[in-house]
Amino acid sequence: MTHVEDELNSQPACWIRAAEEAGRHRAALPDPGERVAVVGCGTSYFMAQAVAALREGSGRGETDAFAASEFPAGRSYDRVVALTRSGTTTEVLQLLGELKGRTRTTAVTADPGTPVTKAADDLVVLDYADERSVVQTRFATTALTLLRAHLGLHTGAAVTDARTALTGPLPQGLVECTQFTFLGRGWTVGLANEAGLKMREASLSWTEAYPAMEYRHGPISITTAGTATWMFGEAPDGLAEQVRATGGLWVGSGLDPLAELVRAQRLAVAVAASRGLDPDRPRHLTRSVILAP
């Protein structure tokens with residue numbers, strides 16, 4: 001078993017612990033009514049997109065998501081939350097340094113012995129969800145579970161569905177597809193983006209991701225026999241039928257969307273295996289992007 005397989009299989013246990021511990025991290029996390037930005041890089045940026053949509057959609061306060069390198073310097077926030085597994089990513093550390101003393105910051109990380117612990121005002125450490133693999137799985141979903149629980153939006157059904165996602169068969173013919181499109185709505189747009197990234201990192205697949213309603217505005221033109229379109233959450237009316245009419249494979253979702261991401265992680269590993277690739281050694285990637293001065 002690869003490191004990434006071992007780590008993705010451990011997610012239900014990690015989610016249970018994150019939900020149980022959310023209360024003791026309350027002081028480090030945004031209060032209702034605060035104006036908040038959530039930032040990250042790569043996978044963490046896509047989790048930030050999901051968190052921002054969940055928080056604002058649940059009425060907790062205006063919330064934006066940015067890639068750390070694209071944070072708008074002229075905007076004012078009550079708090080900035082940085083998601084960073086390694087605690088060493090250059091863009092995140094630079095942004096936290098720029099915000100020091102003028103905007104309260106919180107870092108959610110897996111490693112308490114890294115520079116981010118001094119760069120942020122508040123710290124949440126999820127060391128039990130740290131990973132050996134380059135390709136992120138459990139840290140990202142555990143951080144999102146913690147923040148869902150903080151918002152009162154996590155339930156045990158997500159854990160049950162994650163176990164189902166880990167044990168149930170993948171749809172027939174899915175591994176053999178040559179192209180994959182992931183769709184979401186609201187907070188699941190971030191999950192769709194992350195599913196596409198997992199497929200690219202682990203299996204070098206041609207993947208795309210879109211808000212579901214945007215899919216009809218051009219992207220559906222590439223859908224045909226041998227491609228797959230995977231929906232995270234409830235699909236817009238008629239979309240499944242339109243995809244099937246093209247000859248493409250439609251993959252619907254009956255699970256909690258975060259559990260559905262676990263199923264997509266499994267697909268990435270399965271496609272990698274079918275192509276003779278090692279998902280623990282993704283091409284051109286390292287565990288953390290650290291830029292030379």
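Reading the values: the criteria
The written sequence of each chain sets the order in which its residues are numbered from 1. Local features in this predicted model are restricted to residues of pLDDT 70 or higher, and side-chain atom pairs are both shown and tallied only at a pLDDT of 80 or more, whereas totals for entire chains, interfaces and linings draw on every residue. Remark: hydrogens and water are excluded; side-chain values derive from all non-hydrogen atoms of the structure. Strands are runs of DSSP state E lasting at least two residues, helices are runs of H or I lasting at least four, and both sets are numbered from the N terminus onward. Here the globule rule is a power law, 2.2 Å times the number of residues to the power 0.38, and the radius of gyration is based on C-alpha atoms. Exposure is judged per residue with a 1.4 Å probe applied to protein chains only, and the accessible area is read against the type maximum: over 50% gives exposed, under 20% gives buried, and values in between give partly exposed. We call two residues in contact when some of their heavy atoms are within 4.5 Å. Only four residue types enter the charge count, namely Lys and Arg as positive and Asp and Glu as negative; His and the chain termini do not. In plain terms, the charge of a residue is placed at NZ if it is Lys, CZ if Arg, CG if Asp and CD if Glu. For the purposes of this section, nonpolar cores are sets of buried Ala, Val, Leu, Ile, Met, Phe, Trp, Tyr and Cys residues that join through side-chain atoms within 4.5 Å. Axis definition: a line fitted to C-alpha atoms, limited for helices to the stretch in contact. Angles are taken between N-to-C directions and run from 0 to 180 degrees. We call two directions roughly parallel when the angle between them is under 35 degrees, roughly antiparallel when it is over 145, roughly perpendicular when it lies between 65 and 115, and oblique otherwise. Handedness of a crossing is defined here by the sense of rotation of the near helix relative to the far one, left-handed for an anticlockwise turn of less than a right angle and right-handed for a clockwise turn. Residue polarity is assigned by list, with Asp, Glu, Lys and Arg as charged and Ala, Val, Leu, Ile, Met, Phe, Trp, Tyr, Cys and Pro as nonpolar; anything else, Gly included, falls into the polar class. Two strands qualify as a pair provided DSSP detects at least 2 bridges between them. Criterion for a salt bridge: a side-chain nitrogen of Lys or Arg within 4 Å of a carboxyl oxygen of Asp or Glu. Every helix has an expected span of 1.5 Å times one less than the residues it contains. Any pair of N or O atoms that falls within 3.5 Å is considered a polar contact. Within protein, one atom must be able to donate a hydrogen and the other to accept it, and sequence-neighbouring residues count only if both atoms are side-chain atoms.

Draft legend 1. Representation of the overall build of the protein chain. Looking only at helices and strands, one finds ten helices and nine strands in the protein chain. Over its C-alpha trace the protein chain gives a radius of gyration of 18 Å, about what one expects of a compact globule, namely 19 Å for 293 residues. Projected onto its principal axes, the C-alpha positions of the protein chain cover 55 × 40 × 40 Å. Taking all 293 residues of the protein chain together, the buried fraction comes to 56%. The long-range fraction of contacts in the protein chain, counting pairs at least 24 apart against all pairs at least 6 apart in sequence, stands at 72%. Distance between charge centres in the protein chain, computed from 28 positive and 33 negative side chains, equals 2 Å.

Draft legend 2. Inspection of the nonpolar core at higher detail. If you look at the biggest cluster of nonpolar residues, it comprises 62 residues, and the most contacted ones within it are Leu126, Leu144, Phe180, Phe182, Leu191 and Phe232. At nine residues, helix H10 (residues 257–274) tops the list of elements feeding residues into this core. Apart from the residues lying within four places of it in its own chain, the contact partners of Phe182 are Ala192, Ala195, Gly196, Met199, Thr207, Glu208, Ala209, Tyr210, Trp230, Phe232 and Ala264. Counting 16 residues, the second largest nonpolar core, distinct from the first, contains Phe66, Tyr77, Leu99 and Ala119.

Draft legend 3. Seen up close, the packing of helix H7 (residues 156–167) against H10. Packing of H7 against H10 leaves a shortest axis separation of 8 Å and a crossing angle of 20°. If you check the angle between H7 and H10, you find them roughly parallel. The chirality of how H7 crosses H10 is right-handed. Where H7 abuts H10, its residues Ala158, Asp161, Ala162, Ala165, Leu166 and Thr167 lie against Ala259, Val262, Arg263 and Arg266. When its residues are assigned to classes, the contact of H7 with H10 shows six nonpolar, one polar and three charged.

Draft legend 4. Region of interest: the pairing of strand S4 (residues 104–109). Within S4, five of the six residues are buried, which leaves the element mostly enclosed by the surrounding structure. Bridging between strand S3 (residues 79–84) and S4 involves six bridges; their strand directions are parallel. If you follow Val81 over to S4, its bridge partner there is Thr106. Two strands pair when backbone bridges link them, and S4 and strand S5 (residues 122–125) are joined in this way by four bridges, in the parallel orientation. Paired with Ala107 across the bridge in S5 is Leu123.

Draft legend 5. Inspection of the sheet that holds strand S6 (residues 179–184) at higher detail. Read across the sheet, four strands follow the order S7-S6-S8-S9 without closing on themselves; strand pairing throughout is parallel. Single-partner strands in this sheet number two, and they are strand S7 (206–211) and strand S9 (249–251). Each adjacent strand pair in this sheet contributes to an overall mean axis angle of 20°, direction not counted. Pairing analysis gives six bridges linking S6 to S7, with the strands arranged parallel. Within S7, the residue paired with Leu183 across the bridge is Tyr210.

Draft legend 6. Representation of the pattern of salt bridges within the structure. Applying the stated criterion to the full structure yields 14 salt bridges. Glu21 serves as the salt-bridge partner of Arg24, at 3.4 Å between the closest nitrogen and oxygen. You can call Glu21 buried: its relative accessible area is 14%. Taking the shortest distance from any N to any O, the salt bridge between Arg85 and Glu131 comes out at 2.5 Å. In this pair, Arg85 sits in the loop between S3 and helix H4 (90–99) while Glu131 sits in the loop between S5 and helix H6 (138–150), placing the two residues 46 residues apart along the sequence. Comparing Arg85 with Glu131 shows no difference in burial state: the two are buried. Taken together, the salt bridges that share partners define one network made up of Glu34, Arg79, Arg104 and Asp122.

Draft legend 7. A look at H6. If you check H6, its first and last C-alpha atoms are 18 Å apart, about what 13 residues at 1.5 Å a residue would give, namely 18 Å. Across the 13 residues that make up H6, a large majority, twelve, are buried. Buried residues of H6: Arg138, Phe139, Ala140, Thr141, Thr142, Ala143, Leu144, Thr145, Leu146, Leu147, Arg148 and Ala149, and no others. The positive-phi residue at the C-terminal boundary of H6 is Gly152, with phi of around 75°.

Draft legend 8. Representation of the environment of Glu62. In this fold, Glu62 is placed in the loop between helix H3 (43–57) and strand S2 (63–67). Residue Glu62 is classed as partly exposed on the basis of its relative accessible area of 40%. Residues Glu62 and Trp15 lie 47 residues apart in sequence; the distance between their C-alpha atoms is 26 Å. For Glu62, the contacting residues outside a window of four places in its chain are Glu34, Arg35, Val36, Arg55 and Glu56. In this structure the side chain of Glu62 is engaged in a polar contact, spanning 3.0 Å, whose partner is the side chain of Arg35.

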